[in-house]
Amino acid sequence: MNDLGTPANPLRVAIVGSGPAGFYAAEALLESGQTVFVDMFERLAAPFGLVRSGVAPDHPKLKQAIQVYQQIALSPDFRFLGNVTVGRDISVAELQSCYHAVLFACGAQTDRPLGVPGEHLPGSHAATEFVGWYNGHPDYQDIAFDLSHDTAMVIGQGNVAMDVCRILAKTPDELRHTDIAAHALEILAESKVRDIYLVGRRGPAQVKFTHPELRELGELADCDPVVDPRDLVLNPASRQELADRSNRAALKSYEVLQAFAARPAPIHRRRCHIVFLKSPLELIGDGRLQRVLLMRNRLVGDPGHQVAEPTGEMEHLDCGLLFRSIGYCGVAIPGVPFDTKRGVIPNRDGRVVDNTEVLPGLYVSGWIKRGPSGIIGTNREDSVLTVAAILADLPSLDASPKPAADHICPLLQRRGIRVVSYADWQMIDAAELRRGAAVGKPREKFTRLQEMLDVLPP
Ligand SMILES: Cc1cc2nc3c(=O)[nH]c(=O)nc-3n(C[C@H](O)[C@H](O)[C@H](O)COP(=O)(O)OP(=O)(O)OC[C@H]3O[C@@H](n4cnc5c(N)ncnc54)[C@H](O)[C@@H]3O)c2cc1C
Ligand SMILES: NC(=O)c1ccc[n+]([C@@H]2O[C@H](COP(=O)([O-])OP(=O)(O)OC[C@H]3O[C@@H](n4cnc5c(N)ncnc54)[C@H](OP(=O)(O)O)[C@@H]3O)[C@@H](O)[C@H]2O)c1
């Protein structure tokens, strides 16, 4: 037994990533009853991960989790080190030499490709890019979205696809008083998009949208949802899926689709067509996207396990703008094992493994642990489990005292990295809130690192 986690030898943990998984892990560590110090490394100058840069600007209530994270960050045993990319500015080996445990909560930073010809034509984008652009994520500010086309297509039927569709469908007045990035609002206000196709490879019983988000599509100021009632005819396996009491959420979504199908003819300027059982086969265009070749699918398999199988029946749809929204994907960090197929850090109950061998002192939580699914709250339970693994491992961890940020901060400074502390972030936050108040928005985000650093004293 060692004395790790006692006042004589505090447990020092580095958390990589400041999204929900990182903050819930910090909370569980700080409330564990052990003597623990947490240093949280974040590659951006702003904390909160996808709660800041993913959650849709017109869903402010869902960002309230930030209030909990703010409380955690104010703990005297917590330190935020923003603007530090682990694996680039500081290596994982360096972190390991300064901390007893390193916990990766770095999320899923990229998108999954469709893998069809023409996917990279101008006009075809990942939802990841569009979401980052309208939410002011600095990585995506130089991407140009050409909204001069009348038809847009979103591939995938999850909540991210729904967010993309809703942002395309809303009027400027519906977005003006949100924290949407100013440049995005300007471009969206000039959008010529009239028809948006929300395309699913499977059927109406298998959509991944949640029903409140789906219902919201029927409540927009200038957009009608359009569903062809013939598309809602179910095969026996899908009927069985919806009859399953544990699948109530899918039934509720199906009922919303039925209500959409029963609506009178569209009257608004925009239409969102929800279509099923279609997959893009090829994106076609001379120098830029002009049309999409779609394959019609049928469902095969047992209830709960049905997959889309191509029928051979094809159609073209003219379309100048396409977003693939078929899931996010994790990115490897140098020095840490990575499962390229699943886009996660391989782990057993949150302990990082290399093949079957557990790597002592390395842990994971959140989307980089289990893949890109689950809402904000899902990451709490996940992080609590990972922290339980750390605490269970205390007797076997290297218990020699670790210098933590006392060593790391001077090292980063020598490397020319301007670490953004939590106090720095509070200054940036206050400046964003002031900018927002001046234009009737909850906040006006800075979208460039330099703009944020300019707020801070030298
Ligand atoms: C577009 C979108 C909208 C969503 N909307 C909702 C919603 O409305 N409600 C809801 O409940 N859930 C929503 N979700 C799901 C929710 O955002 C996720 O469940 C959650 O953010 C995952 O948490 P995470 O901490 O694993 O990852 P993230 O939130 O992605 O956080 C990871 C953090 O790690 C940082 N990082 C990455 N690599 C490094 C590195 N090398 N060094 C340092 N830092 C690094 C990143 O910059 C990021 O800040 C949404 C997801 C998306 C994609
Ligand atoms: N408001 C909110 O609460 C909110 C908002 C945004 C995101 N989130 C959460 O964040 C998580 C991620 O959301 P997400 O929308 O990225 O993922 P998701 O819910 O997993 O949806 C992905 C969609 O892409 C489809 N797809 C996958 N591969 C495909 C392919 N090769 N071709 C065509 N379609 C393909 C899937 O269809 P199949 O079903 O056939 O695989 C599914 O419709 C989810 O848990 C979501 O609930 C929540």
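Residues numbered from 1 in each chain as written. Chains lettered and ligands numbered in written order. Predicted model: local features only at pLDDT ≥ 70, side-chain atom pairs only at ≥ 80, totals over all residues. Heavy atoms only, no water.

Side note on the sheet that holds strand E13 (residues 307–318)
Consideration 1: Taking strand neighbours across the sheet as the criterion, the three strands line up as E11-E12-E13 in an open arrangement whose pairing is antiparallel. Here the strands that pair on one side only, and so sit at the sheet edges, are strand E11 (278–284) and E13. Sheet twist, expressed as the average angle between the axes of neighbouring strands with direction ignored, equals 25 degrees.
Consideration 2: With six bridges connecting them, E11 and strand E12 (residues 291–300) associate as antiparallel partners. Looking at the pairing, Leu283 lines up with Val292 of E12. (Pairing = 2+ DSSP bridges. Helix = DSSP H or I, 4+ residues; strand = E, 2+ residues; numbered from the N terminus. Axes fitted to C-alpha atoms, helices over the stretch in contact; angles between N-to-C directions.)

Overview of the site of ligand 2
Consideration 1: In the vicinity of ligand 2, 18 residues are found, and the nearest of them are Gln157, Arg201, Arg202, Glu213 and Gly374.
Consideration 2: Measuring from an oxygen atom of ligand 2, one finds a side-chain N or O atom of Arg201 at 2.8 Å.
Consideration 3: Top contributing element to the shell around ligand 2 by residue count: helix H6 (residues 159–169), with three residues.
Consideration 4: Of the residues that constitute the shell around ligand 2, the class distribution is five nonpolar, eight polar and five charged. (Near = heavy atom within 4 Å. Polar contact = N/O pair within 3.5 Å; in protein donor to acceptor, adjacent residues only side chain to side chain. Nonpolar A, V, L, I, M, F, W, Y, C, P; charged D, E, K, R; others polar.)

Quick notes on the packing of aromatic side chains
Consideration 1: In the structure shown here, the tally under the stated rule is 15 aromatic pairs.
Consideration 2: Pairing Phe23 with Tyr69 gives two aromatic rings, centres 5.1 Å apart and planes at 10 degrees, and the pair type is stacked. One end of the pair, Phe23, is in helix H1 (residues 20–30); the other, Tyr69, is in helix H3 (residues 65–73), and 46 residues separate them in sequence. The same class applies to Phe23 as to Tyr69, namely buried.
Consideration 3: An aromatic cluster of three or more residues is present, and its members are Phe23, Tyr24, Phe48, Tyr69, Phe78 and Trp425. (Phe/Tyr/Trp six-rings, centres within 6.5 Å; stacked < 30°, edge-to-face > 60°. Buried < 20%, exposed > 50% of the residue type's maximum accessible area, 1.4 Å probe, protein only.)

Focus: helix H14 (residues 405–414)
Consideration 1: Of the positions making up H14, those classed as buried are Ala405, Ile408, Leu411 and Leu412. Down the axis of H14, the sector holding all buried residues measures 130 degrees, keeping them to one side. Exposed residues on H14 whose side chains face more than 90 degrees from its buried face are Asp406, Gln413 and Arg414.
Consideration 2: Of the surrounding secondary structure, the elements contacted by the buried residues of H14 are strand E2 (36–42), strand E3 (78–82) and helix H4 (92–98).
Consideration 3: Where H14 terminates, the next one or two residues include Gly416, which has phi positive at roughly 80 degrees. (Arc of directions from axis to C-beta. Contact = heavy atoms within 4.5 Å.)

Notes on the layout of surface pockets
Consideration 1: Considering only enclosed or pocket space, the second largest pocket measures out at about 300 Å³ in volume.
Consideration 2: Pro60, Lys63, Ile66, Asp179 and Arg443 are the residues nearest the centre of the second largest pocket, which is lined by 16 residues in total.
Consideration 3: Every element with two or more residues in the lining of the second largest pocket is listed here: helix H2 (49–53), H3 and helix H15 (422–438). (1 Å grid on protein atoms, 1.4 Å probe; cavity = no way out; pocket = protein on both sides within 12 Å on 5 of 7 lines; lining within 4 Å. Points joined across faces, edges and corners; volume = space filled by probe spheres on them.)

Section: empty space enclosed by the protein
Consideration 1: Per the counting criterion, the structure on display carries one cavity of 30 Å³ or more.
Consideration 2: Counted as a void, the largest cavity has a volume near 40 Å³.
Consideration 3: Every residue lining the largest cavity is listed: Asp111, Arg112, Ala127, Thr128, Val160, Arg324, Ser325, Ile326, Gly327 and Tyr328.
Consideration 4: Partitioning the lining of the largest cavity into residue classes produces four nonpolar, three polar and three charged.

Some details on the site of ligand 1
Consideration 1: Lining the immediate surroundings of ligand 1 are 32 residues, of which Glu42, Leu50, Trp367, Gly374 and Ile376 lie closest.
Consideration 2: A distance of 2.9 Å separates an oxygen atom of ligand 1 from a polar atom in the backbone of Leu50.
Consideration 3: Contact between ligand 1 and Trp367: an oxygen atom at 2.9 Å from a main-chain N or O atom of the residue.
Consideration 4: In the complex, 92% of the free accessible area of ligand 1, which totals 1,000 Å², lies under the protein chains.
Consideration 5: Every element with two or more residues in the shell around ligand 1 is listed here: H1, E2, H2 and H6. (Areas by Shrake-Rupley, 256 points an atom, 1.4 Å probe, with all protein chains shown as cover.)

Considering the sheet that holds E3
Consideration 1: Strand order across the open sheet formed by seven strands is E3-E2-E1-E4-E18-E17-E16, with mixed pairing between neighbours. Looking along the sheet, the strands with just one partner apiece sit at the ends: E3 and strand E16 (347–348).
Consideration 2: Relative to strand E18 (residues 357–364), strand E4 (residues 101–104) is paired through three bridges, and the arrangement is parallel. Within the sheet, the bridge partner assigned to Leu103 lies in E18 and is Tyr363.
Consideration 3: Against the sheet, H1 touches strand E1 (11–16), E2, E3 and E4, its axis set at about 170 degrees to E2.

Section: the nonpolar core
Consideration 1: Of all hydrophobic cores here, the largest spans 53 residues; its most connected members are Phe130, Leu168, Leu198, Leu217 and Ile274.
Consideration 2: Elements represented by at least two residues in this core include exactly helix H5 (127–134), strand E7 (151–155), H6, helix H8 (182–189), strand E8 (195–199), helix H11 (248–261), strand E10 (270–275) and strand E14 (321–324).
Consideration 3: With seven residues, H6 is the largest single contributor of residues to this core.
Consideration 4: Ile274 has contacts with Gln157, Leu198, Leu214, Leu217, Val226, Val227, Leu257 and Phe260, leaving out every residue within four places of it along the chain. (Core = buried A, V, L, I, M, F, W, Y, C linked by side-chain atoms within 4.5 Å.)

A word on a positive patch on the surface
Consideration 1: Together, Arg215, Arg245, Arg248 and Lys252 make up a positively charged patch on the protein surface.
Consideration 2: Mapped onto the secondary structure, Lys252 falls in helix H11.
Consideration 3: Given the relative accessible area of 40%, Lys252 is considered partly exposed. (Patch = residues over 30% accessible without salt bridge, like charges linked within 9 Å, V, L, I, M, F, W, Y side chains within 5 Å. Salt bridge = Lys/Arg side-chain N within 4 Å of Asp/Glu carboxyl O. Lys, Arg positive; Asp, Glu negative; His and termini not counted. Charge placed at Lys NZ, Arg CZ, Asp CG, Glu CD.)

Here's the deal with H11
Consideration 1: Across its 14 residues, H11 extends 20 Å between first and last C-alpha, which sits within 8% of the 20 Å expected from 1.5 Å per residue.
Consideration 2: Looking only at H11, the buried set comprises Ala250, Ser253, Tyr254, Val256, Leu257, Phe260 and Ala261. Each buried residue of H11 lies within a common arc of 155 degrees when the element is viewed along its axis, so the set occupies one face.
Consideration 3: In this fold, the buried residues of H11 make contact with helix H9 (211–216), strand E9 (223–226), helix H10 (236–243) and E10. (Expected span 1.5 Å × (residues − 1).)

Thoughts on the environment of Gly343
Consideration 1: As for its placement among the helices and strands, Gly343 is situated in the loop between strand E15 (328–329) and E16.
Consideration 2: With 15 residues separating them in the primary sequence, Gly343 and Tyr328 have C-alpha atoms 8.7 Å apart.
Consideration 3: In contact with Gly343, other than residues within four places in its own chain, are Arg112, Cys329, Gly330, Phe338 and Ile368.

Scope: geometric values only; no functional claims are made or implied.
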